[in-house]
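Overview (structure and organization)
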Amino acid sequence: MKKGDHLFLVDGSGFIFRAFHAIPPLNRKSDGLPVNAVSGFCNMLWKLLKDARNTDVGVTPTHFAVIFDYSSKTFRNDLYDQYKANRTAPPEDLIPQFGLIRHATRAFNLPCIEKEGFEADDLIATYARLAEQDGADVTIVSSDKDLMQLVTENVSMYDGMKDKQISIPEVIEKWGVPPEKMIDLQSLTGDSTDNVPGVPGIGPKTAAQLLEEYGDLDTLLARAEEIKQVKRRENIIASRELVRLSRQLVTLKTDTPLDTPLDELILHPQDGPKLIAFLKAMEFTTLTRRVAEACDCDAGAIEAASVPVEWGAAAHGPDLDKGEAAGRPSALDGTETAAEAAATLLPAAVAGDLSPTALARSRAERFSAAPIDHSTYETVRDLEALDRWIAAAREAGLVGFDTETTSLDAMQAELCGFSLAIADNAKDPSGTVIRACYVPLNHKTGVGDLLGGGMADGQIPIRAALERLKGLLEDPSVLKVAQNLKYDYLVMRRHGITVQGFDDTMLMSYALDAGAGTHGMDTLSERWLGHKPISYKEVAGSGKGAQTFDMVDISRATAYAAEDADVTLRLWHVLKPRLAAERMTAVYERLERPLVPVLARMEERGITIDRQVLSRLSGELAQGAAGFEEEIYELAGERFNIGSPKQLGDILFGKMGLPGASKTKTGQWSTSAQVLEDLAAQGLPLPRKIVDWRQLTKLKSTYTDALPGFVHPDTKRVHTSYALAATTTGRLSSSDPNLQNIPVRTAEGRKIRTAFISTPGHKLVSADYSQIELRVLAHVADIPQLKQAFADGIDIHAMTASEMFGVPVEGMPSEIRRRAKAINFGIIYGISAFGLANQLSIERSEAGEYIKKYFERFPGIKDYMDTTKAFARENGYVETIFGRRAHYPEIKSSNPSVRAFNERASINAPIQGSAADIIRRAMIKMEPALAAAGLSARMLLQVHDELIFEVEDGEVEKAIPVIVDVMENASMPALSMKVPLKVDARAATNWDEAH
DNA sequence: ACGTACACCTA
DNA sequence: GTAGGTGTACGTC
């Protein structure tokens, strides 16, 4: 080569993967051969050659080569056996396309370069340096950062996708260092995709900053001791050797032995007929036409070439065996873990045992051993195929079901498609062979700027598909198995379908293992199947790059969605026998599963909020807070961010030197309300104002400003989401927005409740259990005085005070009662002298005395606590009165504070959990009871011991007794309480007055 | 952009 | 002392 020549080096492997992911895989040849990557590759190459030959651009290649990776094993693996160890195998559909793409390159009359033991990047580096030495210019067609180290005055890169040139300034702009420092930067940051180690906590920004400061990597490593940031310094020092290794790994080899000399890369003219023959064979009609036009050939006269296709992994080892060679965990590797999990988590079975326990164990073992095979998944593209799947589901009587949508919010989610999974009993009567499909309904195209954003091809019209699906989902004789069904239930409801006959694997896991890990599908799959499902992030991206599921290409969507249904059905096979074996079927069937439709309907109804009330409140709060701000700055003598506990602490205890300072666990000054209250009590004006300011800003930001954002655009109501499997005790939780923590304690806060209103012609009815947890305590601990007091309707805190302090209930001083009340709550929370002392602001010794006295007066409580603790230690869990279990795996921790915490929690769980079970039962019974009474009252919200309804004005009088009756008798007939349950209910037009 | 600390709202 | 969720600040990516 000589000066004035221009070499184009195309990163072929990079091209392949970008093409594969950019072009929807429904791009298949008529015989079903996937050719989407080939198509993308050819289009990109054609565009590149056309543009490059256009002399107007000023870049005319004289030499041209397409470079590929040959083998997964390169000299880098000898340096570091973990190199690229986390690479996964290429997608199934891509495999036959590797060979085709090499054919394509030759059809374009371009040299196709690869070499065993080296990566494409090394070949590119070598050619680039050689050309540069000859005085030629080089353009590397790639956007891979690994190649940026090659950029010089004469060597630049070109990102064909973004049509962007990458020269020295672009590298500096993107990475903060010039190209020659890229190696240093990559050595520091490492590379997770290639599994190149880096320094923990150092990303590109920090690395660039360090290199700026120290000049280069060697200087930095030599002077690492000078780094000020402690963590950073320690990490770099500890990683020195690894960083040097990483430098070897990321440095591209510029002396790769070449089979094709540089001068042979000369760009030959296009061989039109040869290229057209190939393109015709691939059935790329548009490109064939374009090429024919450009070459002035008659495409019709050219016969399609015969292109051999290599399907198997053996046919083209190099690109394919990456995953395997790199030790990607196979399904079998994971099996051991899951089988071990089964062995640890499940009770031991006796040999030859046919008991539920043995079944549960063998199911777990078999399903964890049966590999999940994405290649068996089917994309259902026509009604005939859907009908076949539905018929098979009916035949099996059992089907895994999952929906894919555009949002986590079931009330706003748009349906994209659904998946089904069926045990293939023909192949395997034991049911471990499962086949699954995805039915895309609403996927869009729009990847790449050439294709507009229309509906993707090959989808069944949504109405027709849902019509067929409705028959299946509403048929109670076919068991639908879903994970977190409440979500899918709501989505389907919004399409006029009410799922009947279902199981929910999330709730099964919750019934079995509450407290012992979370119950999400990915976790359960890893725990029980030893399989890590494709993550949502992998399919749809995350953060700024996230796309909604309807934009995901259908083949990726199929792999993800069908796998979810598959995994769900497998989990069902593992968990269902466990329910029986561990005697948790009743809990699941009576307390968990029936709540799904109940909660779904509550969420669907939502509640009206008065935005004007909130807006007015927000203004008032803003004004009030602004007033405090001025006064606070005045008293502090400077302006600062009052909302920053750090700045506030420094002002109060640093600068002003106020007394009574204490530290948080991270060593910051504590500015908790308690601390500030104590200071205010000493007559200091500033702390009081800060407390008041915090109250106003809290109410404003968390409630008056946030709630209007949750008003649904169509229903104009607020629809919270209840989590059924989030707590250890059996309580629900509420989020988006949380309607279980709306203020009530202060007058200011209660104003927010006035914004929760009934629709015209209706009232809100609030019904809440009175002292339900103390009643449960009286029941489970069987305390005579407590039972008597509740039976007689006596003030329970006054009774406690009277028992403890010998003061008559009549004319009880409020301070005495307050202390007794704190003790009662303390008991429920698994009392400690430390906690009680804190609560009452008394000495720990005094609190200890109270507790001692309490146990003397109520020995049954002490017994209950000791028995419960012992039970938890023995079994690792505790039980509610309805048999719900809460697990405390750390109860035997050798750390005394961890152990004590678990003991308190296990004392609390049966009480809190039993109360939760009771209100769950009430909720399940409520709708049929209201219907039976001919009432249209609708249950809207649950707040642990309170239910909120919306009731027509004329129905209120009739509805209240029904509601109260259902709640008070919720435990019947399963269990007769030793104390009566009491419910207070009232109606008003807003939640504040109803409460 | 994401995670942690802190503070604070509820039962 | 139990069980939750959310907003802001702040440090790191």
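Source: prediction; values computed, not measured. Residue positions are counted from 1 within each chain, in the order its sequence is given. Starting at A for chains and at 1 for ligands, labels are handed out in the order in which the entities are written. Local features are withheld for residues below a pLDDT of 70 in this predicted model, meaning they are given only at 70 or higher, and side-chain atom pairs are given and counted only at 80 or more; totals for whole chains, interfaces and linings count all residues. Note: side-chain values were computed over all heavy atoms of the structure, leaving out hydrogens and water.

Helix and strand definitions follow DSSP, with helices as H or I runs of at least four residues and strands as E runs of at least two, each counted in order from the N terminus. Helix and strand counts for chain A stand at 40 helices and 22 strands. To sort residues, take the accessible area from a 1.4 Å probe on protein chains only and compare it with the maximum for the residue type: under 20% means buried, over 50% means exposed, and anything in between is partly exposed. Residues counted as buried form 51% of the 995 residues belonging to chain A. Expressed as a percentage of contacts within chain A between residues at least 6 apart in sequence, the contacts between residues at least 24 apart total 68%. Counting only carbon and sulfur atoms, one obtains 51% of the accessible surface of chain A, whose full area is about 43,200 Å². In what follows, a contact means two residues having at least one pair of non-hydrogen atoms within 4.5 Å. For the area figures, the Shrake-Rupley method with a 1.4 Å probe applies, and any residue is considered shielded solely by the protein chains shown.

Judged by how many residues are buried, strand E20 (residues 938–942) sits mostly within the fold: four of five residues are covered. When DSSP finds two or more bridges between two strands, those strands count as paired. Two strands pair when backbone bridges link them, and E20 and strand E21 (residues 946–952) are joined in this way by four bridges, in the antiparallel orientation. Each residue of the ladder has a partner; that of Gln942, found in E21, is Leu947. Between the end of E20 and the start of E21, which pair antiparallel, lie three residues, with His944 showing a positive phi angle near 70°.

If a single non-hydrogen atom of a residue is within 4 Å of a molecule or strand, that residue counts as near it. Taken together, 37 residues lie near DNA strand C, and Gly201, Ser644, Asn738, Ala822 and Phe834 sit nearest. What you see for DNA strand C is that sugar and phosphate hold 74% of its atoms within 4 Å of the protein. Whenever a nitrogen or oxygen atom comes within 3.5 Å of another N or O atom, the pair is scored as a polar contact, on the condition that within protein one atom can donate a hydrogen and the other can accept it, and that pairs from neighbouring residues in sequence are kept only if both atoms are in side chains. Between DNA strand C and the protein, one listed contact pairs a phosphate oxygen with a backbone N or O atom of Ile202 at 3.4 Å. Between Gln912 and DNA strand C, the recorded distance is 2.9 Å, taken from a side-chain N or O atom to a sugar or linking oxygen. Elements with a contribution of two residues or more to the surface near DNA strand C: helix H29 (685–704), strand E15 (733–735), helix H34 (814–828), helix H35 (833–840) and helix H38 (896–932). Across the surface near DNA strand C, the residue classes break down as ten nonpolar, 23 polar and four charged. Any residue outside Ala, Val, Leu, Ile, Met, Phe, Trp, Tyr, Cys, Pro, Asp, Glu, Lys and Arg is labelled polar, Gly included; the first ten of those are nonpolar and the last four are charged.

What follows concerns the pattern of salt bridges. For side chains bearing opposite charge, pairing can occur when the charged atoms are close. The term salt bridge refers to a side-chain nitrogen of Lys or Arg lying within 4 Å of a carboxyl oxygen of Asp or Glu. Going through the model one piece at a time under the given rule, you end up with 53 salt bridges. Put simply, Arg468 and Asp387 hold a salt bridge, and the shortest N to O gap is 2.5 Å. With Arg468 in helix H18 (residues 462–473) and Asp387 in helix H17 (residues 383–396), this pair connects stretches of sequence that are 81 residues apart. Between Arg616 and Glu620 there is a salt bridge, and its shortest N-O distance comes to 3.6 Å. Taken together, the residues span about one helical turn, with Arg616 and Glu620 both in helix H26 (residues 611–636) at a distance of four residues. Look at the salt bridges and you will find they share partners, linking Asp503, Lys576, Glu589 and Arg593 into a network.

Within helix H33 (residues 796–805), seven of the ten residues are buried, leaving the element largely enclosed by the surrounding structure. Of the surrounding secondary structure, the elements contacted by the buried residues of H33 are helix H31 (772–781), helix H32 (784–792), H34 and helix H36 (844–857). Regarding H33, its N-cap is Asp795, as a side-chain oxygen of that residue lies 3.0 Å from the backbone nitrogen of His797 further along. Following H33 by one or two positions, Gly806 adopts a phi angle in the positive range, close to 70°.

Bringing the nonpolar core into the picture now. Core analysis: the biggest nonpolar cluster contains 187 residues, and Tyr769, Ile861 and Met923 have the highest contact counts within it. Looking at which element gives the most residues to this core, the answer is H38, with ten residues. What Tyr769 contacts, discounting residues up to four positions off in sequence, is Ile918, Ile919, Ala922, Asp945, Met967, Glu968, Ala970, Leu981, Lys982 and Val983. Only buried Ala, Val, Leu, Ile, Met, Phe, Trp, Tyr and Cys residues count toward a nonpolar core, and they belong to the same one when joined by side-chain atoms within 4.5 Å. Grouped together as the second largest cluster of nonpolar side chains are 46 residues, Ile113, Val177, Ala224 and Ile227 included.

Turning to the protein's contact with DNA strand B, a few remarks are in order. Within the structure, DNA strand B sits among 23 residues, and Thr664, Thr666, Thr671, Val744 and Arg745 are positioned closest to it. Restricting the count to atoms of DNA strand B within 4 Å of the protein gives a sugar and phosphate share of 89%. In this structure, Arg745 approaches DNA strand B through a main-chain N or O atom, which is 2.8 Å from a phosphate oxygen. Take Asp945: an N or O atom from its side chain is 2.9 Å from a sugar or linking oxygen of DNA strand B. Element by element, the count of residues in the surface near DNA strand B is highest for H29, at three residues.

Another aspect to go through is the packing of helix H37 (residues 859–875) against H38. Axis geometry follows a simple rule: fit a line to the C-alpha atoms, using only the stretch in contact for helices, then measure angles between N-to-C directions, giving values from 0 to 180 degrees. One can describe the packing of H37 onto H38 by two numbers: an axis separation of 9 Å at closest approach and a directional angle of 105°. In terms of axis orientation, H37 runs roughly perpendicular to H38. Together, Tyr864, Met865, Thr868, Lys869, Ala872 and Arg873 of H37 and Glu903, Ser906, Ile907, Pro910 and Ile911 of H38 make up the contact between the two elements. A class-by-class count of the residues in the contact of H37 with H38 yields six nonpolar, two polar and three charged. When describing relative orientation, an angle under 35 degrees is termed roughly parallel and one over 145 degrees roughly antiparallel, while 65 to 115 degrees is termed roughly perpendicular and anything else oblique.

What follows is about the sheet that holds E20. Pairing between sheet strands relies on hydrogen bonds along the backbone, with the strands arranged either parallel or antiparallel. If you walk across this open sheet you meet the four strands as E20-E21-E17-E22, and the pairing is antiparallel. Edge positions in the sheet fall to E20 and strand E22 (982–988), since each of these pairs with one other strand and no more. For this sheet the average axis-to-axis angle between neighbouring strands, irrespective of direction, equals 25°.

Our next topic: the state of the cysteines. By convention in this document, the label disulfide applies to cysteine sulfur atom pairs within 2.5 Å. Tallying each qualifying case throughout the model produces zero disulfides. No disulfide involves Cys297; its sulfur sits 4.8 Å from the nearest other cysteine sulfur, which is in Cys295. The partly exposed category is assigned to Cys297, whose relative accessible area is 24%.

Here we have six strands laid out as an open sheet, ordered E3-E2-E1-E4-E5-E6, and mixed in their pairing. Whereas interior strands pair on both sides, the edge strands pair on one side only; in this sheet they are strand E3 (112–113) and strand E6 (164–166). Examined bridge by bridge, strand E5 (residues 155–159) and E6 share three bridges and lie antiparallel to one another. Bridged to Met157 within E6 is Ile166.

Moving on, we get to the side chain of Glu592. Mapped onto the elements of the fold, Glu592 is located in helix H24 (residues 585–592). At 3.0 Å, the side chain of Glu592 forms a polar contact with the side chain of Arg920. Beyond its immediate sequence surroundings of up to four residues, Glu592 is in contact with Leu507, Tyr510, Ala511, Val587, Leu724, Arg884 and Arg920.

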